[in-house]
Structures are given as structure tokens and as C-alpha cells.
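Chains, contacts and geometry: an overview
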Amino acid sequence: MARMIVADVDVAERKLVNKKTVYESKDRSCVIEPQDFYDNDSKMTFTCYEPQGLASTMGIDLKTGQVTNFSKAPGTYNEVEGIFPDGQYTCVEGDRQVEQLGGKRGSSNIDIWKLKLDGTGKDFVRLTHFNDYEGGKASNPVVSTDGRFMAFQTARTTDPAGVGYGIVLYWLRK
């Protein structure tokens, strides 16, 4: 079971206040990892890790509790990462290129994709091509607050999550 809780920080008392459970997964079919707030902090993106090493990019409206599967791609790996400043798009570590390149689905064969948070799962654009080369992947993207560039790391497909060999800057606009 996993629970997503939002709260305020009482700095003077050094404690969490106004705690509220906003989403709960009752079993291992969806292990959640919160990622980023957007839309004036009224919504949040999160990853739903699924059986067989797969994942979906999700979002929740914190006012209504409505949950949306943004990636809408069963049987694939889509881990949400850094959000764009406009709140309309997010970066996703995805394995959709496996359809053309072959290989095993999951977190080892990933590249970075840009996904529109409109709930259709159709506006999904590949940004990096490290997985085109045997043993390569790109991960952990974050977009600058001005939206001009994205920083991410390079890694090997055999590396565990979080391991990397350098930070790369990808200019989205100059």
C-alpha cells in the first residue's frame, strides 16, 4: 500500500501541519512516487509503478481528487520527471522507442520524452536518442525555471536508477 500526502510546513514549530491524504494505492499494482506540482500548486504529477517493471505518468487534481493517466500506454514504461514552467508539458523517462529498436521494456531502455498534460497521451515527443546506441540511456531530466534548457544525465542500460556519467544540457530555446 502507498499513500500520497500533502501538508504545510510550520517552520516555527518544525513540523508538518494540515496533512491530507490525496491518493492511496491499496496494493502493489500501483506503487506511487510523487513528482511535481503545477497549475498554481493545485495539481501534482506522479508515477504509478506497475508490475513487470512498467510505469504510467499520472496526475491528480488536488481539489477534486480526480486522477488522470497522462501516458495512456499500457505495457510501456513512462516515469514522470521534470515539468516545464508553463505546466502544459512534462518530461518522461520512456521506453516507447523499444517498439522500433527492440529490446526489453522497462527502466533500463529509456530515453527522455516530452508529454503534453492534456490527458490524451498522444502528444508524446522524443527528445533524446541515447538508447539508439547499444548500452546507452538518458534519464533524470529537469527543465530550467525559464524553460530555456533541460539538464539530464547519461547512463548505461545496465546501471541501476540514479547512476549516471555526466550531466548534459539540452537547449530547448536560446
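This write-up is about the structure you can find in this document. (Residues numbered from 1 in each chain as written. Predicted model: local features only at pLDDT ≥ 70, side-chain atom pairs only at ≥ 80, totals over all residues. Heavy atoms only, no water.)

Glancing now at the sheet that holds strand β9 (residues 111–116). Read across the open sheet, the four strands follow the order β7-β8-β9-β10; overall the sheet is antiparallel. Looking along the sheet, the strands with just one partner apiece sit at the ends: β7 (78–83) and β10 (124–126). Sheet twist, expressed as the mean angle between neighbouring strand axes with direction ignored, is 35°. (Pairing = 2+ DSSP bridges. Helix = DSSP H or I, 4+ residues; strand = E, 2+ residues; numbered from the N terminus. Axes fitted to C-alpha atoms, helices over the stretch in contact; angles between N-to-C directions.)

Counting 12 residues, the largest nonpolar core is built from A2, M4, V6, V22, C30, I32, M44, F46, C48, M58, I60 and L62. Of all the secondary structure elements, the ones that give two or more residues to this core are β1 (2–10), β4 (43–50) and β5 (54–61). Each residue touching A2, except ones within four places of it in the same chain, is listed here: Y23, E24, S25 and I32. F84, I112, L127 and M150 belong to the second largest nonpolar core, which has nine residues in total. (Core = buried A, V, L, I, M, F, W, Y, C linked by side-chain atoms within 4.5 Å. Buried < 20%, exposed > 50% of the residue type's maximum accessible area, 1.4 Å probe, protein only. Contact = heavy atoms within 4.5 Å.)

On to the packing of aromatic side chains, then. Under the definition given, this model contains five aromatic pairs. Geometry around F124 places R96 over its ring, the cationic atom sitting 3.6 Å from the centre. Above the plane of the ring of Y89 lies K114, whose end atom (NZ or CZ) is 4.4 Å from the centre. (Phe/Tyr/Trp six-rings, centres within 6.5 Å; stacked < 30°, edge-to-face > 60°. Lys NZ or Arg CZ within 6 Å of the ring centre and 35° of its normal.)

All chains considered together, the criterion is met by eight salt bridges. Across the pair K43 and D39 runs a salt bridge, and its minimum N-O distance is 3.4 Å. Using a relative accessible area of 38% as the deciding quantity, one classes D39 as partly exposed. Taking the shortest distance from any N to any O, the salt bridge between R105 and D95 comes out at 2.9 Å. Here R105 is found in the loop between α1 (98–101) and β9, whereas its partner D95 is found in the loop between β8 (89–94) and α1, with 10 residues between them in sequence. Among the residues examined, D95 registers a relative accessible area of 0% and is labelled buried. (Salt bridge = Lys/Arg side-chain N within 4 Å of Asp/Glu carboxyl O.)

This part is about the side chain of E81. In this fold, E81 is placed in strand β7. No salt bridge is formed by the buried E81, whose closest oppositely charged neighbour, K137, lies at an N-O distance of 10 Å. Apart from the residues within four sequence positions on either side, E81 is in contact with Q35, T90, C91, E93, N140 and P141. (Lys, Arg positive; Asp, Glu negative; His and termini not counted.)

What follows is about the sheet that holds strand β12 (residues 149–156). Pairing between the strands of a sheet is mediated by backbone hydrogen bonds and can be parallel or antiparallel. Read from one edge of the open sheet, three strands run β11-β12-β13, paired in antiparallel fashion. Every interior strand has two partners, whereas the edge strands, β11 (136–143) and β13 (167–171), have only one. Going across the sheet, the axis of each strand differs from the next one's by a mean of 35°, ignoring polarity.

Of all eight residues that make up β5, eight are buried, and the element is covered over most of its length. In β5, alternate side chains face the same way, and those of L54, S56, M58 and I60 on one face and A55, T57, G59 and D61 on the other are all buried. Relative to β5, β4 is paired through eight bridges, and the arrangement is antiparallel. The partner of Y49 across the bridge, within β5, is A55. Remark: three residues form the turn of the hairpin made by β4 and β5, two consecutive strands paired antiparallel; Q52 in that turn has positive phi of roughly 65°. Sheet topology note: the β5/strand β6 (residues 67–69) ladder contains three bridges and is antiparallel.

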